[in-house]
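Analysis of the macromolecular model
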Amino acid sequence: MDQKIKDILDEVGKVIRGKDEQIQMVLTAILAKGHILIEDIPGVGKTTMAVCFSRAMELTERRLQFTPDVLPSDVVGFNMLDADGEMQYKPGAILCNILLADEINRTSTKTQSALLEVMEEGQVTVDGVTRQLPNPFVVVATQNPVGSAGTQMLPESQLDRFMVRMSLGYPSQADEISMMKSKKEYSVDDIPASLTVEDILEMKKEVEKVFIHDLIYQYTTDLVNATRKHQYLTLGVSPRGTLALINMASAHAYLQERDYVVPADVAAVFTDVCAHRLILNTKAKVGGLTAEGILEQILKLIPQPKAK
C-alpha cells in the first residue's frame, strides 16, 4: 500500500479506535469521487471521523451544523448589493474541498435539496450564475437514525447521491478502554496532513485506469438487477447506484494494490453502496427483513464469475 495512504489510515485509526474497515471505506469513497453518509446513534464518533479525514488531507474544510433554521443560502451562498450598487456573490459553506454536513437530517427538505446540484455536478448555481466548486469536492454527512428526536427522512433523490452509507457502531470493550487511555495523548488536532490536493487528484486518475473485465461488468449488473426484481423490494438500485458500485470496486482494488478489479472487490462494497438506495415493501417489514440482510442474500445467490 502506498505509504501516504497507509499514513492516513494509521493516523485516523489512532483517534477512531477499532474501526479500520470503516476508515478504509471512507477513503475508498473519496478516491472513487463519491460522497459519504455516516448514520449512527449520537456519540459514536461520526463527526470525529469526518474531521479526522479533513485534517489528514491538505484540503480546505468547512463544517455546517444542520438545524431547522439553516437556509439554502447558508449552503450555496447568495447575492447582495455592495456599496457600489452592484450584486456581489457571498459564498456559502459549499465552497471548499470537504464539507462536513453535520446531522443533515435535522434540517428542512428545502435546505437538503440545496445540496443536490453540488453533489451531482460539482457546481453551484445562484440567481442563474453557475460556479465550479474546488476539485476535489466531497460531502461527508452525518445523520442520526430516523426516529431520533427532531429528525426526518432524507428524500430518495438525496440518498441516491451519496456513494456509500455506513455506520460505526459501538467500539469493543478493549477499543473503548484504549480510547480512554489515549484521549490525552492523541487527538484530532494532532493529525498531520498526509495528502495534498495534487496527491488526491493523481490517485483518482490512477483509480480510473484500473482495468475492469467484461465479466465484472456482467457480475455487477447481475447483482443490481437482482435488487430490482426482488420480491421484498419496492425500489431497487438505480443506474446511479450501478456506477457508484463499479467506481467503488475500482477504488477498492486500487487500495489493495491491484490494477484490476476482481469479483471480491464488488462484493466488498456492495452493501455499503446499495443498502440506502433500497425501499422495502410491506412484506419485508412484516417479516423483519432489512436492506442489509436482503443484499447479503443476493450476494450468496449470484455466483461470482470465474477466470477463464
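Up top is the structure these notes are about.
Residues numbered from 1 in each chain as written. Predicted model: local features only at pLDDT ≥ 70, side-chain atom pairs only at ≥ 80, totals over all residues. Heavy atoms only, no water.

1. Observations regarding the overall build of the protein
Along the backbone of the protein there are 14 helices and 11 strands. Taking 2.2 N^0.38 as the reference for a compact globule, 308 residues should give roughly 19 Å; the C-alpha atoms of the protein span a radius of gyration of 20 Å, in line with that estimate. For the protein, the spread of C-alpha atoms along the principal axes amounts to about 70 × 45 × 40 Å. Residues counted as buried form 49% of the 308 residues belonging to the protein. Residue pairs in contact within the protein that sit at least 24 positions apart in sequence constitute 78% of those at least 6 positions apart. A total accessible area of about 15100 Å² is found for the protein, and carbon and sulfur atoms account for 52% of it. On the protein, the mean spot of the 32 positive side-chain charges and the mean spot of the 41 negative ones are 5 Å from each other. (Helix = DSSP H or I, 4+ residues; strand = E, 2+ residues; numbered from the N terminus. Rg over C-alpha atoms; globule rule 2.2 N^0.38 Å. Buried < 20%, exposed > 50% of the residue type's maximum accessible area, 1.4 Å probe, protein only. Contact = heavy atoms within 4.5 Å. Areas by Shrake-Rupley, 256 points an atom, 1.4 Å probe, with all protein chains shown as cover. Lys, Arg positive; Asp, Glu negative; His and termini not counted. Charge placed at Lys NZ, Arg CZ, Asp CG, Glu CD.)

2. Things to note about unusual backbone geometry
Following Asn135, the chain continues into Pro136 via a peptide bond in cis, with omega recorded as 5°. Note on placement: Pro136 falls in the loop between β7 (129-132) and β8 (138-143). For Lys33, which is not a glycine, the phi torsion comes out positive at approximately 65°. Its place among the elements puts Lys33 in the loop between α2 (20-31) and β1 (36-39).

3. Re a nonpolar patch on the surface
Together, Ile177, Met179 and Met180 make up a nonpolar patch on the protein surface, roughly 280 Å² of accessible area in all. Structurally, Met180 can be placed in helix α8 (residues 173-182). Given a relative accessible area of 57%, Met180 falls into the exposed group. (Patch = residues over 30% accessible without salt bridge, like charges linked within 9 Å, V, L, I, M, F, W, Y side chains within 5 Å. Salt bridge = Lys/Arg side-chain N within 4 Å of Asp/Glu carboxyl O.)

4. Some points on the environment of Leu299
Note that Leu299 resides in helix α14 (residues 291-301). The sequence separation of Leu299 and Thr271 amounts to 28 residues, and the corresponding C-alpha distance is 9.2 Å. Filtering out sequence-adjacent residues up to four positions away, Leu299 remains in contact with Tyr219, Leu223, Ala267 and Phe270.

5. Notes on the packing of helix α12 (residues 263-274) against α14
Interhelical geometry of α12 versus α14 gives an angle of 150° and a closest axis separation of 10 Å. On the basis of their axis angle, the class for α12 and α14 is roughly antiparallel. Like other packed secondary-structure pairs, α12 and α14 cross with a definite hand, here right-handed. Packed against α12, whose contacting residues are Ala267, Phe270, Thr271 and Cys274, the element α14 presents Glu292, Leu295, Glu296, Ile298 and Leu299 at the interface. Taken together, the residues that form the contact of α12 with α14 break down as 6 nonpolar, 1 polar and 2 charged. (Axes fitted to C-alpha atoms, helices over the stretch in contact; angles between N-to-C directions. Parallel < 35°, antiparallel > 145°, perpendicular 65-115°, else oblique. Left-handed = near helix turned anticlockwise from the far one by under 90°. Nonpolar A, V, L, I, M, F, W, Y, C, P; charged D, E, K, R; others polar.)

6. Overview of helix α10 (residues 214-228)
Over its 15 residues, α10 runs 21 Å from end to end, which matches the ideal 21 Å to within 8%, given 1.5 Å per residue. Here α10 has its buried residues at Ile216, Tyr219, Thr220, Leu223, Val224, Ala226 and Thr227. Axial view of α10: buried residues confined to an arc of 155°, hence all on one face. The inward-facing, buried residues of α10 abut β10 (233-235), α11 (239-255), α12 and α14. (Expected span 1.5 Å × (residues − 1). Arc of directions from axis to C-beta.)

7. Some words on the environment of Val15
Along the chain, the position of Val15 falls in helix α1 (residues 3-15). The exposure class assigned to Val15 is buried, which follows from its relative accessible area of 15%. C-alpha of Val15 to C-alpha of Ser178: the two residues are 163 residues apart in sequence and 10.0 Å apart in space.

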